Amino acid sequence: MGNNKFMHYAFELAWILPSVAVPVAILVAITLTAFAVGIRVPDVAGRVDPKALSRTPPFDQPGVKELAPGRYEVAMIAQVFAFTPGEIRVKAGSEVTFEMTSRDVIHGVKISNSPVNVMVVPGQISRVTAKFDKPGEYLILCHEYCGSGHHVMAGRLIVE
Amino acid sequence: MATIAAGRYAREREESDVFLTENRITGANLIVAFVALAIGGLFGVFQALEYNQINLYTSIKPVLPGQYYQGLSLHGVLNVLVFTTYFIIGWLTFVGTRAFDRPLASRNLGWATFGVMTVGLVLAAIPLLMNNATVLFTFYPPMKADAIYYIGLTLVVVGSWLLEVNLVLTYRQWKAANPGARTPLPAFMALVTMTMWTLCTVGIAAEMLVLIIPWSLGLVGGTDPVLARTLFWFTGHPIVYFWLLPAYISWYTMVPRQGGGKLFSDPMARVSFILFLILSIPIGMHHQYTDPGVSQIWKLVHAVFTVGVFFPSLLTFFNVVASLENAGRARGGKGFLVWIFSLPWGNPAFATQVLAMILFAFGGAGGLINASYNLNLVVHNTSWISGHFHLTVGTAVTLSFMGITYWLVPLLAKRELFSRWMALAQAWTWFVGMAIFSHFMHYLGLLGMPRRTQIGAAPYLNAEWRMWLPFVAVGAVIMFVSAILYYANMVLTITAGKRMAEEPEVEWAQAVSGPNDGPAWLDRFTPWLVIAVVLIVINYAPTLVQLISTTTLNIPGVRSW
């Protein structure tokens, strides 16, 4: 019986050690990819009054701005059930920073085959940056339920 | 007073109906739970067919004016809010009183729990059914439903708190009568579950009472969506442990016995529940990784703690599987894994819950991916997430609850289960249907398909998604068959099952390593509660202070459906 008890502790230990090691390894991987490789999640980017968007840069002029060769800034407004601009054109290999907000309810933006995945909330600015290397058409879709026409809310990003 | 109570208690014991009232309370809660699951589940089948452009909504337009998204709201509210909460309140009333072997401290309070929740349910149902609350179960403002929707849901939560009060009072009475004894494991677990729930629902209560209800009544002009989301997910993640822990109670304290063996370790089970109490709440912001207005550093801290809560989940995995092995070997099973075949797979309550555990292992692994901070960018708000929680709440919880009813309903109704074969067929069809459904929902999520979206009508529905969507419908239809088997069996059990002369005993599992093998501090509540509160303050205060100090409360409500 005593031996049996020892075996129990041995089994418990053999399970507990990897149960600690696996989560620790995951956390190290997460932290490295976020802060060394730079795959970031959205951060605090400030508030904006949704009733004053027409007077608040950059949302007073939604659209694509080429800041420098290979660097773009996109000011985008989400509202039921469309994105403004609905079509974005950038050159292959560019780094694009999106500044987004919503005019009404909560929306979400997911751009296919890219790390862009962010909530777009009235009163808040969502800022994300991504690099688009491969030419082609990328689907921009609203991925948060925003009302009866949620499923038609989409746009496109064309990398030339 | 004491003698009158003792006298009544003794009289009831003579009638062998000591727990008559508790049984009725449990039964009433179970009936509401499973009626809700039937209606909510039906809309799940509608959704899977709609994905394949088979639109059944038009045929019920008069009763469902809000069509897909009203159905989706009903699916979410009825399944994950109503079904779960009612089942758990009924189940923990049963577990707590039976494990303490004494009635509820206050039976009136027991009925009041059910009463307050049901008034709330009726209030919330009115706008839901009238298409005036098509805001899904997450009700993110500034989408604005009728005020009575929010008031109703709040009352459901407030009602559930009354069970915590009742269980704590019952625990005190038990403790006075049993000085120095270790709290029975099932009762300890029921108390931890309800205490964690009461603590975590402070978030949703604040969201409702301070932000949403005054705003929906027109008393304040605007709201703050990110602050509301932060308070929502303060409750919204621990709520999954509120669903899971009651299933764990069965897995730990009953399934080993149903399998013919013993629980591997009682102290280890207590450790895991204490860790769930401490770690379930300060991790809610992992649902907000993609939110603006919340610092990426605090998101990372919540990621760390979320991965931390994986540890008690792994303890549970080990302890429960070791208990199953104990059962398999006790029944003559041999070999490294061959003992699995010696388990009583013909026992519906046992087989159903073990199948639920198997799919949960995949749900747990997927959950670790969702929790992984930037890796979550790949899957956030895609159908991967719906695939994930259909393995967790849709299977680990729901299928386990169904398995529990295979012995609990016969006990409450004093009638034998109508058909063992229907029950076994139900368990396997749910298992297979869900495995197919969930696998393809995960996969479609990786292909970029969004969740909570009327995919069949989406202009961007593409050929690649179309190729795999039929499997989603196949899985859902198999689960529909499973549900029909379940409900037919339950109705037949209650109405036509063979009558039992006496109420059967509740079969608690003995432990290989019992409660006295662990130190006394494992049987305490207050120190763990203090640690839980401290961690919550550390992990939430900076974000809440930042949001509240910068809020303008100026976002008006919108009805966009």
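Residues numbered from 1 in each chain as written. Chains lettered and ligands numbered in written order. Predicted model: local features only at pLDDT ≥ 70, side-chain atom pairs only at ≥ 80, totals over all residues.

## Examining the overall build of chain A
Applied cut-off: Secondary structure counts use DSSP, requiring at least four H or I residues in a row for a helix and at least two E residues in a row for a strand, with both numbered from the N terminus. Atoms counted for the radius of gyration: C-alpha only. Globule rule: 2.2 Å times residue count to the power 0.38. Working definition of a contact: two residues with C-beta atoms, positioned from the backbone, lying within 7 Å.
Regarding its fold elements, chain A presents 1 helix and 10 strands. Going residue by residue from the N terminus, the α and β elements of chain A occur as α-β-β-β-β-β-β-β-β-β-β. Against the 2.2 N^0.38 benchmark of 15 Å for 160 residues, chain A shows a C-alpha radius of gyration of 22 Å, more extended than a compact globule. Oriented by its inertia axes, the alpha-carbon framework of chain A measures out at about 80 × 35 × 30 Å. The contacts of chain A with a sequence gap of at least 6 include a subset with a gap of at least 24, amounting to 57%.

## Quick word on the interface of chain B and chain A
Heads up, the rule is: Following the grouping adopted for this structure description, the nonpolar residues are Ala, Val, Leu, Ile, Met, Phe, Trp, Tyr, Cys and Pro, the charged ones are Asp, Glu, Lys and Arg, and the polar ones are all others, Gly among them.
At the junction of the two partners, chain B supplies 50 residues and chain A supplies 49 residues. Looking at the side of chain B that touches chain A, the element that brings in the most residues is helix H11 (residues 296–330) of chain B, giving 10 residues. When grouped by side-chain class, the residues that make up the side of chain B that touches chain A number 29 nonpolar, 17 polar and 4 charged.

## Describing helix H10 (residues 266–279) of chain B
Residues and elements named next belong to chain B. Where we set the bar: Here, expected helix span is obtained from the residue count minus one, scaled by 1.5 Å. Note on burial: count the other C-beta atoms lying within 10 Å of the residue's C-beta; 20 or more is buried, 12 or fewer is exposed, in between is partly exposed, and C-beta positions come from the backbone.
The end-to-end C-alpha separation of H10 is 20 Å, in line with the 20 Å expected for 14 residues at 1.5 Å each. H10 sits mainly inside the fold: 12 of its 14 residues count as buried. The complete set of buried residues in H10 reads Asp-266, Pro-267, Met-268, Ala-269, Arg-270, Ser-272, Phe-273, Ile-274, Phe-276, Leu-277, Ile-278 and Leu-279. Contact partners of the buried residues in H10: helix H6 (185–216), helix H8 (238–253), strand E1 (263–265), H11, strand E2 (511–513) and helix H16 (526–550).

## Description of the pairing of strand E4 (residues 87–90) of chain A
Residue and element names in this part refer to chain A. The condition is simple: If DSSP finds at least two bridges between two strands, the strands pair.
Side chains Ile-88 and Val-90 of E4 all project onto a buried face; the interleaved residues Glu-87 and Arg-89 project onto a face where none is buried. Inspection of the sheet shows E4 paired to strand E10 (residues 154–159) by 4 bridges, in the parallel sense. If you follow Arg-89 over to E10, its bridge partner there is Ile-158.

## Considering the sheet that holds E10(A)
Residues and elements named next belong to chain A. The cut-off we apply is this: Comment: axis = line fitted to C-alpha atoms, over the contacting stretch for helices; angle = value between 0 and 180 degrees taken between N-to-C directions.
Ordered by their spatial adjacency, 5 strands build an open sheet running E4-E10-E9-E6-E7, and the pairing between neighbours is mixed. Edge positions in the sheet fall to E4 and strand E7 (117–120), since each has one partner strand and no second. Strand after strand, the sheet turns through a mean of 20° between neighbouring axes, direction not considered. As defined by bridge partners, strand E6 (residues 107–111) adjoins strand E9 (residues 136–141) across 2 bridges and the pair is classed as antiparallel. For Lys-110, the partnering residue across the bridge sits in E9 and is Leu-141.

## Here we look at unusual backbone geometry
Omega for the peptide link from A:Val80 to A:Phe81 comes to -10°, which places this bond in the cis form. Mapped onto the fold, A:Phe81 is located in the loop between strand E2 (71–79) and strand E3 (82–84). Between A:Thr84 and the following residue, A:Pro85, the backbone shows a cis peptide bond with an omega angle of 0°. The phi angle at A:Asn113 is positive, at roughly 55°, despite the residue not being glycine. Mapping A:Asn113 onto the fold places it in the loop between E6 and E7. Here B:Asp101, not a glycine, exhibits a phi torsion of approximately 55°, which is positive. Relative to the helices and strands, B:Asp101 is located in the loop between helix H3 (67–100) and helix H4 (107–129).

## Observations concerning the domain arrangement of chain A
Note the threshold: Each domain's limits were defined by an automated method or a database of domain assignments.
Taken as a whole, chain A is organised into domain 1 (1–39) and domain 2 (50–159). Taken over C-alpha atoms, the centre of domain 1 of chain A sits 40 Å from the centre of domain 2 of chain A.

## Structural notes on the packing of H4(B) against helix H5 (residues 147–177) of chain B
All names here are of chain B. Heads up, the rule is: Roughly parallel means an angle under 35 degrees; roughly antiparallel, over 145; roughly perpendicular, 65 to 115; everything else is oblique. If you view the pair so one helix is near and one far, a crossing is left-handed when the near helix is turned anticlockwise from the far one by less than a right angle, and right-handed when it is turned clockwise.
Close contact between H4 and H5 brings their axes to 7 Å; oriented N to C, the two are set at 165°. In terms of orientation, H4 lies roughly antiparallel with respect to H5. Every pair of crossing elements has a handedness; the one defined by H4 and H5 is left-handed. Partitioned by chemical class, the residues of the contact of H4 with H5 number 21 nonpolar, 8 polar and no charged.

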